[in-house]
Amino acid sequence: DVKVTQSSRYLVKRTGEKVFLECVQDMDHENMFWYRQDPGLGLRLIYFSYDVKMKEKGDIPEGYSVSREKKERFSLILESASTNQTSMYLCASSDDQETQYFGPGTRLLVL
Amino acid sequence: AQTVTQSQPEMSVQEAETVTLSCTYDTSESDYYLFWYKQPPSRQMILVIRQEAYKQQNATENRFSVNFQKAAKSFSLKISDSQLGDAAMYFCAYWGGDMRFGAGTRLTVKP
């Protein structure tokens, strides 16, 4: 079974802090994704990566950056957290792009 | 841009009965994939069922089946013999180069 893990289930940060969300997959997948999930909006793609050191912007990249130094790990960075970044963050990976496997999510609260 | 619409924010079903969740999408592509994902209260998103647009036959996975109407751009999920463990958020998703999610339908199962 594919396993996608995220470093934290819950996180509380203050406005202006730099925040790192980590995601690790154990299936040697090429593709990894970061989404945020908000009520009534479904999932929106922030960034994705098709290979190590490669990254592509999704629909809502503003205020975020990513890092993929190793194939199994994809990090989402909030350079200066703001209250409107309070959300659920979901990481996913896939080998064929069509079918994505998700991590448990990180619920981030920015105060 | 492709959009995915789930018109039912909430649905309720009696245990052992059948429920159908609606999904429509908008695309000009002829080749794409459609998915239903389930997100239980523990938040790990799980793939329920996947449909390839070029396949006429509706996908089924045990108690879960879809009614794929390509011309109508409709992709509904039928859950038969509903169980308490089916209670979750259900997301419809479209992949035609990138993944698009609907806003979700919260399904409640009454004992």
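Predicted, not measured: the structure shown is a model, and the values here were computed from it. (Residues numbered from 1 in each chain as written. Chains lettered and ligands numbered in written order. Predicted model: local features only at pLDDT ≥ 70, side-chain atom pairs only at ≥ 80, totals over all residues. Heavy atoms only, no water.)

## Brief notes about the sheet that holds strand S1 (residues 4-6) of chain A
All names here are of chain A. Operational definition: By this definition, two strands are paired if DSSP reports at least two bridges between them. In this text, helices come from DSSP runs of H or I with a minimum length of four residues, and strands from runs of E with a minimum of two, each type numbered from the N-terminal end. Simply put, an axis is a line fit to the C-alpha atoms, just over the touching stretch for a helix, and the angle between two N-to-C directions goes from 0 to 180 degrees.
Here we have 4 strands laid out as an open sheet, ordered S1-S3-S8-S7, and antiparallel in their pairing. Looking along the sheet, the strands with just one partner apiece sit at the ends: S1 and strand S7 (64-70). Here the average twist between neighbouring strands, direction ignored, is 20°. The sheet contact formed by S7 and strand S8 (residues 73-78) spans 5 bridges and is antiparallel. By the bridge assignment, serine 65 is partnered in S8 with isoleucine 77.

## So, the interface of chain B and chain A
Defined as follows: The contact rule is simple, with two residues in contact once any of their heavy atoms fall within 4.5 Å. As a working definition, buried area equals the accessible area (1.4 Å probe) given up by two parts on being put together, with both sides summed. Salt bridges are counted wherever a side-chain nitrogen of Lys or Arg sits within 4 Å of a carboxyl oxygen of Asp or Glu.
With 18 residues of chain B at the interface, the matching set in chain A holds 23 residues. Summed over both sides, the interface of chain B with chain A buries roughly 1,700 Å², with 47% coming from carbon and sulfur. Inspection of the chain B/chain A interface yields 1 salt bridge. A salt bridge links aspartate 59 of chain A to arginine 100 of chain B; its shortest N-O distance comes to 2.8 Å.

## Quick word on a nonpolar patch on the surface
Note the following rule: Patch membership requires more than 30% relative accessible area and the absence of a salt bridge. Residues of like charge join within 9 Å; the nonpolar side chains Val, Leu, Ile, Met, Phe, Trp and Tyr join within 5 Å. Here the open area of atoms and residues is found with the Shrake-Rupley method and a 1.4 Å probe, where only the protein chains shown may cover a residue.
The grouping of Val12, Leu109 and Leu111 of chain A at the surface amounts to a nonpolar patch, some 270 Å² of accessible area in total. Turning to its location among the elements, leucine 111 of chain A is positioned in the segment after strand S11 (106-110).

## Focus on the pattern of salt bridges
A full pass over the atoms with the stated rule returns 13 salt bridges over all chains. The salt bridge partner of aspartate 98 of chain B is arginine 100 of chain B, with a shortest N-O separation of 2.9 Å. A single salt-bridge network, built from bridges that share partners, covers Asp28, Glu30 and Lys71 of chain A.

## Observations concerning the nonpolar core
To keep it simple, the criterion reads: Residues belong to one nonpolar core when they are buried, are Ala, Val, Leu, Ile, Met, Phe, Trp, Tyr or Cys, and are joined through side-chain atoms within 4.5 Å. The rule is simple: take the accessible area with a 1.4 Å probe, protein chains only, and divide by the maximum for that residue type; under 20% is buried, over 50% is exposed, in between is partly exposed.
In terms of nonpolar packing, the biggest core is built from 25 residues, with Tyr25, Trp36, Phe75, Leu77 and Tyr90 of chain B touching the most fellow members. Elements represented by at least two residues in this core include exactly strand S3 (19-21), strand S5 (33-39), strand S6 (46-52), strand S8 (64-69), strand S9 (74-79), strand S10 (88-95) and strand S12 (105-110) of chain B. When residues of this core are assigned to their parent elements, the largest contribution, 4 residues, is made by S10 of chain B. Residues contacting tyrosine 90 of chain B, with those up to four places away along its chain left out, are Gln6, Leu21, Trp36, Tyr37, Lys38, Val48, Phe64, Leu77, Ile79, Gly104, Thr105 and Leu107 of chain B. Residues Leu11, Val19, Leu21 and Ile46 of chain A belong to the second largest nonpolar core, which totals 20 residues.

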